[in-house]
Amino acid sequence: MMEKTTSEDPACSPEETASESAKVPTAEPPGEVAVSESTGEEQVPKPQAPAPQAPAAPVTTKPAPPSEDVPSAPLLLTLEDVSNSSVTVSWEPPERLGRLGLQGYVLELCREGASEWVPVSARPMMVTQQTVRNLALGDKLLLRVSAVSSAGAGPPAMLDQPVHIRENIEAPKIRVPRHLRQTYIRQVGETVNLQIPFQGKPKPQATWTHNGHALDSQRVSVRTGDQDSILFIRSAQRSDSGRYELTVHVEDLEAKAAIDILVIEKPGPPSSIRLLDVWGCNAALQWTPPQDTGNTELLGYTVQKADKKTGQWFTVLERYHPTTCTISDLIIGNSYSFRVFSENLCGLSASATITKELAHIQKADIAAKPKGFIERDFSEAPSFTQPLADHTSTPGYSTQLFCSVRASPKPKIIWMKNKMEIQGNPKYRALSEQGVCTLEIRKPSPFDSGVYTCKAINVLGEASVDCRLEVKASATH
């Protein structure tokens, strides 16, 4: 807020003001005036020990300079900035600079409750903005500025209100870590150590509540620093579950953050279990949920079976949600026991609920009545399912001819070349296995070219297939 005034500080008497005017530095000789600048910064002068007083001497009164020689009061004295150790003010030049010209400005301060005005700089400064540094927290200062000419200082312009030196206020903020923005889950007996950073100036005041009430100091300890607050529980119990709220205050400003903590443990076993029915190789079970779920929801049930002969348990269902089930594929003649565990995030319940009676899988009284066996006649005449294919070969390289035949009883296979049987010729080797007939021609020559026939014969008939083999002589160069 911009203010302009020419009145003196009410805390300072007229006599003191007159004495201060006499202390204003005298004008510098021409050529020694400091160069004008837009801003200036000064340290607060340290108070000096009072000088020993000389013997009183006759005082010669100096006539006051005419008002036209001294400048008028500076205009628009404004407080620009206040920090925890400094204050900055600015002003505008006076309307009247005086006949002798302006030599600079003198900024003075007076602490609230004191009566002495202390100049900030040792001599007038040709600036219209000054910063006073090295101030103490909590100080309340009155500030005034006067324009100075070689004839003396003009009337001062003074701020209406004292300036309070205090820390800059920064609104508090709480930075909740990402993993705490959802329910924080711990098991019974584990430690809870939450470090919540925050910021704000001056130093914020932090308080914690649990479900809207003050913390139990016997169970929960809190340590708060300048930038964070730590909540610590050495051994968590289920009663520690709930909403913890952190409130950070800076004067009239506050910020809040809520953290949900859930302390869990293993659930209890199902309350009861019974065998509903047994039929064939199946058994039907039913049970009731546990009375204690471990302070969290169940993930399901684990069902196991054990044969009376071996006593070993085998899992048949895991994380099964209904409370009824049917166990199948049981072995005839065996007797079975069943047990059920509850399960949550901590794992299976420490114990299980076991059926009191056994499930006896009995043999069914079934009499086999075999029917008369009617033998099927698979006899059939030969038929080729894969015929021979025409083939071209190179002299000197063995080649093979293939076909497949179907017949019952097993047929006799006869190979022919150009309608002439070639059985017993060492140049040819005939094979027949699983209905696949093969004729191998060892190192054929152009003479072996011709039509080859495979004939199959049994008591029900015969069949034959043909193909042409061409053995080409290699070209000579």
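Here, every reference points to the structure presented above.
Residues numbered from 1 in each chain as written. Predicted model: local features only at pLDDT ≥ 70, side-chain atom pairs only at ≥ 80, totals over all residues. Heavy atoms only, no water.

Engineer: Even after reading the chapter, I still don't get the environment of Val87, so can you show me in this structure?
Structural biologist: Tracing the sequence through the fold places Val87 in strand 4 (residues 87-92). Given a relative accessible area of 2%, Val87 falls into the buried group. Between the C-alpha atoms of Val87 and Ile165, which are 78 residues apart in sequence, the distance is 7.7 Å. If near-sequence neighbours (up to four positions away) are discounted, Val87 is found in contact with Leu79, Asp81, Val82, Gln130, Thr131, Val132, Leu135, Leu143, Val163 and Ile165. (Helix = DSSP H or I, 4+ residues; strand = E, 2+ residues; numbered from the N terminus. Buried < 20%, exposed > 50% of the residue type's maximum accessible area, 1.4 Å probe, protein only. Contact = heavy atoms within 4.5 Å.)

Engineer: When you look at the packing of aromatic side chains in this model, what are you seeing that I'm missing?
Structural biologist: The geometry of two aromatic rings is summed up by the distance between their centres and the angle between their planes. Going through the model one piece at a time under the given rule, you end up with five aromatic pairs. An aromatic cluster is built from Trp287, Tyr301 and Tyr320, whose rings are joined through pairwise contacts. Stacked on the ring of Trp117, the Lys or Arg Arg144 has its end atom at 4.2 Å from the ring centre. Lying across the ring of Phe447, Lys417 places its NZ or CZ 4.7 Å from the centre. (Phe/Tyr/Trp six-rings, centres within 6.5 Å; stacked < 30°, edge-to-face > 60°. Lys NZ or Arg CZ within 6 Å of the ring centre and 35° of its normal.)

Engineer: Any chance you could explain the nonpolar core here in plain terms?
Structural biologist: Side chains that are nonpolar tend, in soluble globular proteins, to be buried together. The biggest cluster of nonpolar side chains holds 21 residues, and the ones touching the most others in it are Ile174, Val192, Leu194, Ile196, Leu231 and Ile261. If you list the elements that add at least two residues to this core, you get strand 14 (192-201), strand 18 (228-233), strand 19 (242-250) and strand 20 (253-264). Of the residues forming this core, the biggest block, five residues, is contributed by strand 20. Counting 20 residues, the second-largest nonpolar core is a separate cluster that includes Leu388, Cys454, Val465 and Cys467. (Core = buried A, V, L, I, M, F, W, Y, C linked by side-chain atoms within 4.5 Å.)

Engineer: I keep staring at the pattern of salt bridges and nothing clicks. Help me out?
Structural biologist: This structure, assessed with the given rule, holds 13 salt bridges. Taking the shortest distance from any N to any O, the salt bridge between Asp240 and Arg219 comes out at 2.7 Å. Separated by 21 residues along the polypeptide, Asp240 in the loop between strand 18 and strand 19 and Arg219 in the loop between strand 16 (213-214) and strand 17 (221-224) bring together distant segments of the chain. Overall, Asp240 belongs to the buried group, its relative accessible area being 5%. The exposure class assigned to Arg219 is partly exposed, which follows from its relative accessible area of 30%. Where Arg429 meets Glu440, a salt bridge forms, and the shortest distance between an N and an O atom there is 2.8 Å. In this pair, Arg429 is assigned in strand 35 (residues 428-433) and Glu440 in strand 36 (residues 436-441), connecting sequence segments 11 residues apart. (Salt bridge = Lys/Arg side-chain N within 4 Å of Asp/Glu carboxyl O.)

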